[in-house]
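One letter stands for each residue in the lines below.
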Amino acid sequence: MIILGDDSQRTQGKDAQSMNISAGKAVAESVRTTLGPKGMDKMLVDNSGEVVVTNDGVTILKEMDIDHPAANMIVEVSETQEDEVGDGTTTAVVIAGELLDQAEELIDQDVHATTIAQGFRQAAEKAKEVLEDEAIDVSEDDRETLVKIASTAMTGKGAESAKDLLAELVVDAVLAVADEDNVDTDNVSIEKVVGGSIDNSELVEGVIVDKERVDENMPYMVEDANVALFDGALEVRETEIDAEVNVTDPDQLQQFLDQEEKQLKEMVDQLVDIGTDVVFVGDGIDDMAQHYLAQEGILAVRRAKSSDLKRLARSTGASVVGSLDDIEEDDLGFAGSVSQKDIGGDERIFVEDVDDAKSVTLILRGGTDHVVDELERAIVDALGVVKTTLDDGTVLPGGGAPETELSLQLREFADSVGGREQLAVEAFAEALDVIPRTLAENAGLDPIDSLVDLRARHDGGEFAAGLDAYTGEVIDMEEEGVVEPLRVKTQAIESATEAAVMILRIDDVIAAGDLSGGQVGDDDGDDEMPPGGGGMGGGMGGMGGMGGMGGAM
């Protein structure tokens with residue numbers, strides 16, 4: 001019985017598994033060379049010619065034009081990692097790819113996919129237990145460790161040349177916005193300025209609004225300012241119903257104009273009466289209202305974004321009001337200084353010297369757009385890991401130390417697992433070796449020698465022993481200050497395992513179009529399909545030439 005359309009195609013059994021595994025491995029391979037402090041960058045060029053230069057795993061995968069559904073499952077691993085902890089995206093994807101590679105070997109040995117899936121899940125649970133037992137406790141008062149965590153997150157990225165300064169700024173920013181039981185890094189805004197060097201980056205304990213004062217006659221700077229936040233318009237209110245007025249003589253028209261002017265004057269007077277020095281308005285400001293505000297020496301900003309008003313409220317202590325009729329003196333906030341300054345050729349409003357800055361701004365500077373964009377990505381990662389550390393209070397050494405330890409302990413654990421799941425647990429342990437191995441490869445070291453040294457030190461009970469990519473030596477990562485949040489590792493293992501298991505459990509691919517043909521890799525037509533990957537293009541979309549990357553990889 002034929003139940004599919006003429007254009008549909010179906011791939012079953014090992015062919016389907018092999019096709020999906022190849023797609024997942026191809027994605028992991030595309031970011032593998034970016035891992036570690038000596039990882040390389042990728043240049044991605046989209047269809048409109050926009051260029052992104054980065055070694056941030058999630059950015060690379062988002063920019064790549066990937067259509068294959070199984071490949072997209074691996075991309076989702078990086079996105080989940082980014083959303084949950086802000087760093088470790090490449091680690092998660094590389095582990096997922098290696099799990100699929102190990103699973104493929106077991107499938108070739110006639111181990112059933114559900115057996116592999118069960119073994120992988122058991123191994124992942126055991127891995128999380130081991131990591132939680134070995135985790136190092138950190139308190140929010142341990143500033144030195146927080147700085148090291150931020151520094152580790154930026155290592156190997158565009159910010160590395162000034163990572164000591166930037167790590168200090170990141171920790172200052174996160175601690176400033178931290179409430180008693182919550183750290184919301186959305187209250188740390190980032191302003192990118194092209195010009196100057198990375199060393200010129202700074203933290204403003206307050207808010208920078210990308211606007212200018214609305215009238216040249218307003219003051220450039222106001223000290224000890226009472227700040228009003230009005231989420232409305234300083235304009236004449238329109239009637240709620242359509243109305244038509246016939247004017248029969250010029251005096252009537254003048255009366256209408258005088259009445260409008262009076263309404264605007266009353267609005268400004270309401271602000272003056274409560275002692276307003278600076279007002280941020282969410283909508284427009286009428287020209288006549290601008291005139292009256294300037295007369296009163298009030299600095300006004302119009303069309304401030306809702307997010308800016310919220311950050312100003314947190315920073316100055318002001319309340320955002322929706323109607324000037326309701327505004328009172330208690331609604332005003334305070335800032336020691338509100339001024340319009342030139343930064344990188346753009347005029348912006350700086351709100352500084354606030355009593356308790358619960359909203360801060362990082363000014364990132366660099367020589368080119370590409371530099372400041374990559375700098376921003378590194379800072380976002382660092383903010384994420386510092387926040388996660390404050391939330392959880394636990395860290396692990398870096399340099400491949402946790403993965404090496406897990407690989408050894410999971411091999412021992414495999415002996416206690418019955419049935420063929422034991423093979424899957426051993427394969428999981430083998431897969432985790434990909435992290436220290438890749439760190440060594442990307443640093444130009446011999447991966448076998450590095451792995452042997454690491455295992456020997458871990459056999460001797462040194463949990464913190466990791467690979468120094470700069471010297472090639474195995475050192476104590478905790479002493480060296482190379483640490484990262486526990487959740488970065490547990491989330492990476494969890495997400496990678498779930499994605500690998502989901503892909504392995506697919507034994508039937510039904511496509512609405514032709515599955516034949518298609519390529520993975522360059523657009524130049526010279527890439528071969530990976531083994532068993534005959535269904536990666538055509539109706540399933542293929543991997544789209546990696547978003548026009550050409551030979552970038």
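Above: the structure in question.
Residues numbered from 1 in each chain as written. Predicted model: local features only at pLDDT ≥ 70, side-chain atom pairs only at ≥ 80, totals over all residues. Heavy atoms only, no water.

Caption draft 1: Fine view of the overall build of the protein. Looking only at helices and strands, one finds 18 helices and 19 strands in the protein. For the protein, contacts bridging at least 24 residues in sequence account for 75% of all contacts bridging at least 6. Surface accessibility of the protein: about 24500 Å² in total, with carbon and sulfur atoms responsible for 42%. (Helix = DSSP H or I, 4+ residues; strand = E, 2+ residues; numbered from the N terminus. Contact = heavy atoms within 4.5 Å. Areas by Shrake-Rupley, 256 points an atom, 1.4 Å probe, with all protein chains shown as cover.)

Caption draft 2: Fine view of the packing of helix α7 (residues 163–177) against helix α11 (residues 369–392). Put simply, α7 and α11 touch, their axes get as near as 10 Å, and they point 50 degrees apart. Classed by the angle they form, the pair α7 and α11 counts as oblique. Seen along the crossing, α7 lies across α11 with a hand that is right-handed. Contact residues: α7 offers Leu166, Val170, Val171, Val174 and Leu175, while α11 offers Leu375, Ile379, Ala382, Leu383, Val386, Lys387 and Leu390. For the contact of α7 with α11, a count of residues per class yields 11 nonpolar, no polar and 1 charged. (Axes fitted to C-alpha atoms, helices over the stretch in contact; angles between N-to-C directions. Parallel < 35°, antiparallel > 145°, perpendicular 65-115°, else oblique. Left-handed = near helix turned anticlockwise from the far one by under 90°. Nonpolar A, V, L, I, M, F, W, Y, C, P; charged D, E, K, R; others polar.)

Caption draft 3: Highlighting the sheet that holds strand β4 (residues 136–137). Spatially, β4-β15-β18 is the arrangement adopted by the 3 strands of the open sheet, whose pairing is antiparallel. On the outer flanks of this sheet lie β4 and β18 (483–485), each paired with one strand and no other. Here β4 runs beside strand β15 (residues 394–397); their pairing, made up of 2 bridges, is antiparallel. Its bridge partner being in β15, Asp137 is matched across the sheet by Thr394. (Pairing = 2+ DSSP bridges.)

Caption draft 4: Summary view of the pattern of salt bridges. Here the structure, examined in full by the defined rule, presents 28 salt bridges. Residues Lys128 and Glu125 are paired through a salt bridge, measuring 3.6 Å at the closest nitrogen-oxygen approach. In this pair, Lys128 and Glu125 are both assigned in helix α5 (residues 113–134), 3 residues apart and thus about one turn of the helix distant. A relative accessible area of 45% means that Glu125 is categorised as partly exposed. Note that Arg143 and Glu168 form a salt bridge whose closest N and O atoms lie 2.5 Å from each other. Separated by 25 residues along the polypeptide, Arg143 in helix α6 (residues 143–154) and Glu168 in helix α7 bring together distant segments of the chain. A relative accessible area of 30% means that Arg143 is categorised as partly exposed. With relative accessibility at 33%, the residue Glu168 sits in the partly exposed group. Taken together, the salt bridges that share partners define one network made up of Arg411, Glu430, Asp433 and Arg455. (Salt bridge = Lys/Arg side-chain N within 4 Å of Asp/Glu carboxyl O. Buried < 20%, exposed > 50% of the residue type's maximum accessible area, 1.4 Å probe, protein only.)

Caption draft 5: Main features of a negative patch on the surface. Together, Glu129, Glu132, Asp133 and Glu134 line one region of the surface with negative charge. Structurally, Glu129 is set in helix α5. Owing to a relative accessible area of 43%, Glu129 belongs among the partly exposed residues under this scheme. (Patch = residues over 30% accessible without salt bridge, like charges linked within 9 Å, V, L, I, M, F, W, Y side chains within 5 Å. Lys, Arg positive; Asp, Glu negative; His and termini not counted. Charge placed at Lys NZ, Arg CZ, Asp CG, Glu CD.)

Caption draft 6: Representation of the environment of Leu106. By the secondary structure assignment, Leu106 is in helix α4 (residues 89–108). For the pair Leu106 and Ile116, spaced 10 residues apart in sequence, the C-alpha to C-alpha distance is 7.7 Å. Residues contacting Leu106, with those up to four places away along its chain left out, are Val111, Ile116, Leu423, Ala424 and Ala427.

Caption draft 7: Focus on the pairing of strand β12 (residues 333–343). Most of β12 is tucked away, with 8 of its 11 residues classed as buried. Bridge count for strand β8 (residues 221–230) against β12 is 6 bridges, and the pairing is antiparallel. Bridge pairing in β12 places Met221 opposite Ser339. In the sheet, β12 pairs with strand β13 (residues 346–352) via 7 bridges, with the strands oriented antiparallel.

Caption draft 8: Representation of unusual backbone geometry. Within the chain, Asp110 stands out as a residue other than glycine whose phi angle is a positive 65 degrees. Note that Asp110 resides in the loop between α4 and α5. Accessibility expressed as a relative area gives 54% for Asp110, which makes it exposed. Located in the positive-phi region is Arg303, a residue other than glycine, with phi close to 50 degrees. Here Arg303 lies in the loop between β10 (299–301) and α10 (306–316).

Caption draft 9: Up close: the nonpolar core. Grouped together as the largest cluster of nonpolar side chains are 68 residues, with contacts concentrated most on Ile116, Phe120 and Phe428. In terms of residues, this core owes the most to one element, α4, which gives 10 residues. Counting residues in hydrophobic clusters, the runner-up holds 59 residues, among them Val207, Ala318, Ala335 and Leu364. (Core = buried A, V, L, I, M, F, W, Y, C linked by side-chain atoms within 4.5 Å.)

Caption draft 10: Focus on the pairing of strand β3 (residues 51–54). Of the two faces of β3, only one is covered, namely that formed by Val52 and Thr54; the face formed by Val51 and Val53 stays uncovered. In terms of strand pairing, strand β2 (residues 42–45) meets β3 through 4 bridges, oriented antiparallel. From the neighbouring strand, Val45 faces β3, where its bridge partner is Val51. Connecting β2 to the antiparallel partner β3 that follows it, the hairpin turn spans 5 residues, and Gly49 within it adopts a positive phi of roughly 90 degrees.

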